Amino acid sequence: MAKEKTLFVCSECGGTSPKWLGRCPSCGAWNTLIEQVAGPAGGSANNRFGAQFAALAGSAELATLSEIEATDIERTPTGLDELDRVLGGGIVDGGVTLIGGDPGIGKSTLLLQAVDALQRAGRNAIYVTGEESGAQVALRSRRLGLPQSQVQVLAEIQLEKILAALDATRPAIAVIDSIQTVYSDQLTSAPGSVAQVRECAAHLTRFAKASGTAVVLVGHVTKEGALAGPRVLEHMVDTVLYFEGDTHSSFRLVRAIKNRFGAVNEIGVFAMTERGLKGVTNPSAIFLSQHAEPVPGSVVLVTLEGTRPMLVEIQALVDNGGPSPRRLSVGLDRDRLAMLLAVLHRHAGVACMDQDVFVNAVGGVRISEPAADLAVMLAITSSLRGKPLPKGFIAFGEVGLAGEVRPAPRGQERLREAAKLGFSVAVVPKANAPRKGAKEIEGLTIHPVDRIEEAMDVVRQLH
């Protein structure tokens, strides 16, 4: 097949050039020219876009929203409960999922386990590998305890051959590992370039929608942790998952950033074992330290990850500083820590101006929600005074600049999760306390507070 002509389009202004230039001749921006396939002039039937989309462009008429028949989306469980939780219940026919993560974190391992489980459930699966040979994939399946796996493997990086194989077999699910290694003959740029990644992802997405095959794309990440390639890649697909975790820890988190078929910000927790990734049913155990007796500066927070309440230990250490005291936080926003210290001084009379303050979320988890404010402030006060909080103590709530304690979303679920794990004392915003006449949470004594001063008074009485 003859190669199509290409031109270079500026991503800033849309100007074109027949060859690559460092600077756009139209707007003067640097390094913005990206190679694209040039369609023939005129509106003939051979127009590139018309030919590519002809198969998908069915005749559609205007319809009233209320009259359109809406049916529930069918999902196929992958056999990995934690992955199903993140996906919203399982994979969707014709859905396109993009999963990114650091090298060696376990993306290929997770997907090989998932497609093997789907194959055993009677769903035909193809694993397309562009980074490894078929023998390497087979070796990994033996290590994972899957010696009799019936998953079909294709070691190929040319897009046209991959699409031909998928069209011939029409599998229920196809994994492309990874999208950065795939290239199309229509473009002259190297695999992994912006043009190649975008063009190949667009072709695979169109195939998924037309055939009903669920496609999973593995993506590389940049040094900053974002998915490599054009940002439009995330807009093309239905679901974007990030695989997170510290390489020094055996635990991994899979987080949904975008999901057209389910809730976002859901997380699945896995433990890396010799036999692959195993789901962790009680992730709170990872983020809690095992103290024989309560220690100063330690408070347990009930945070929310998607729809899942999780218990995380917040630790604070306040020590003599010097002329320029340090403010350091790990897993929490440093600017928010400075703000909380100011509120603590102004409204609760607790001064740390000449003290070093270190705050840490145990287990390497990152907490972005403001409901951690109250727990952080109580941990700092406990460390400063050298007095531990009572055993079985939890706290959550947002604290404002005026010293008010604001409610956290889904407070009742947080309290029930804490009671289920054996916690007995809770300091929470007044709006999150069970209402009068509501069913009491068994085994949990709840102290509702309106302001940070009230919270400090309650804690002093509990010592």
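The preceding data block contains the structure.
Residue positions within a chain follow its written sequence, with the count starting from 1. For this predicted model, a pLDDT threshold of at least 70 governs which residues receive local features, and a threshold of 80 or more governs which side-chain atom pairs are given and counted, while totals over whole chains, interfaces and linings are taken from all residues. With hydrogens and water set aside, each side-chain value is computed from the structure's full complement of heavy atoms.

**Section: the sheet that holds strand β1 (residues 6-10)**
Threshold: If DSSP finds at least two bridges between two strands, the strands pair. In this text, helices come from DSSP runs of H or I with a minimum length of four residues, and strands from runs of E with a minimum of two, each type numbered from the N-terminal end.
Spatial strand order, β2-β1-β3: 3 strands in an open sheet with antiparallel pairing. Looking at strand neighbours, the two that pair on one side only are β2 (16-17) and β3 (33-37), the edges of this open sheet.

**Topic: unusual backbone geometry**
Here the amide bond leading from aspartate 177 into serine 178 is cis, since omega sits at 5°, within 30 degrees of zero. Structurally, the position occupied by serine 178 is in the loop between β9 (173-177) and α6 (194-211). Positioned with a positive phi, arginine 170 is a non-glycine residue whose angle comes to about 45°. Mapped onto the elements of the fold, arginine 170 is located in the loop between α5 (159-169) and β9.

**What to know about the packing of helix α9 (residues 373-385) against helix α11 (residues 452-462)**
A pair of packed helices can be characterised by two numbers: the angle between their axes and the separation between those axes. Note the threshold: Lines fitted to C-alpha atoms define the axes here, with helix axes fitted over just the stretch in contact, and angles between the N-to-C directions of these axes take values from 0 to 180 degrees. Small angles under 35 degrees read as roughly parallel and large ones over 145 as roughly antiparallel, with 65 to 115 read as roughly perpendicular and the rest as oblique. In this scheme, a crossing is called left-handed if the near helix is turned counterclockwise away from the far one by less than a right angle; it is called right-handed if the turn is clockwise. When checking whether two residues touch, look at their non-hydrogen atoms; a contact exists if any pair is within 4.5 Å. Charged means Asp, Glu, Lys or Arg here, nonpolar means Ala, Val, Leu, Ile, Met, Phe, Trp, Tyr, Cys or Pro, and polar covers whatever is left, Gly included.
Packing of α9 against α11 brings their axes to within 11 Å, and their N-to-C directions diverge by 50°. Judged on the interaxial angle alone, α11 and α9 are oblique. Where α9 crosses over α11, the handedness of that crossing is right-handed. Of the residues in α11, those in contact with Leu374, Met377, Leu378, Thr381 and Arg385 of α9 are Ile452, Ala455, Met456, Val459 and Arg460. Broken down by class, the residue content of the contact of α9 with α11 amounts to 7 nonpolar, 1 polar and 2 charged.

**Topic: the packing of aromatic side chains**
The following threshold applies: Ring pairs shown here join Phe, Tyr and Trp side chains whose ring centres sit within 6.5 Å, with only the six-membered ring taken for Trp; geometry is labelled stacked below 30 degrees between planes, edge-to-face above 60, and tilted in between. The criterion is that NZ of a Lys, or CZ of an Arg, lies within 6 Å of the ring centre and within 35 degrees of the ring normal, and then a charge sits over that ring.
One pass over the full model with this rule turns up 0 aromatic pairs. Here the basic side chain of arginine 414 rests over the ring of phenylalanine 396, its NZ or CZ set 5.5 Å away from the ring centre.

**Some details on the environment of valine 269**
By the secondary structure assignment, valine 269 is in strand β13 (residues 267-273). Among all residues touching valine 269, those that are not within four sequence positions of it are Glu82, Arg252, Leu253, Lys278, Gly279, Val280, Pro283, Ile286 and Arg308.

**Here we look at the pairing of strand β17 (residues 327-330)**
Selection criterion: Orient the strands so they point away from the viewer; a crossover is then right-handed if the path from the first strand over the helix to the second runs clockwise.
When β17 meets strand β18 (residues 355-361), the two strands line up parallel, connected through 4 bridges. The partner of valine 330 across the bridge, within β18, is asparagine 360. Taken together, β17, helix α8 (residues 334-348) and β18 form a β-α-β motif whose crossover is left-handed.

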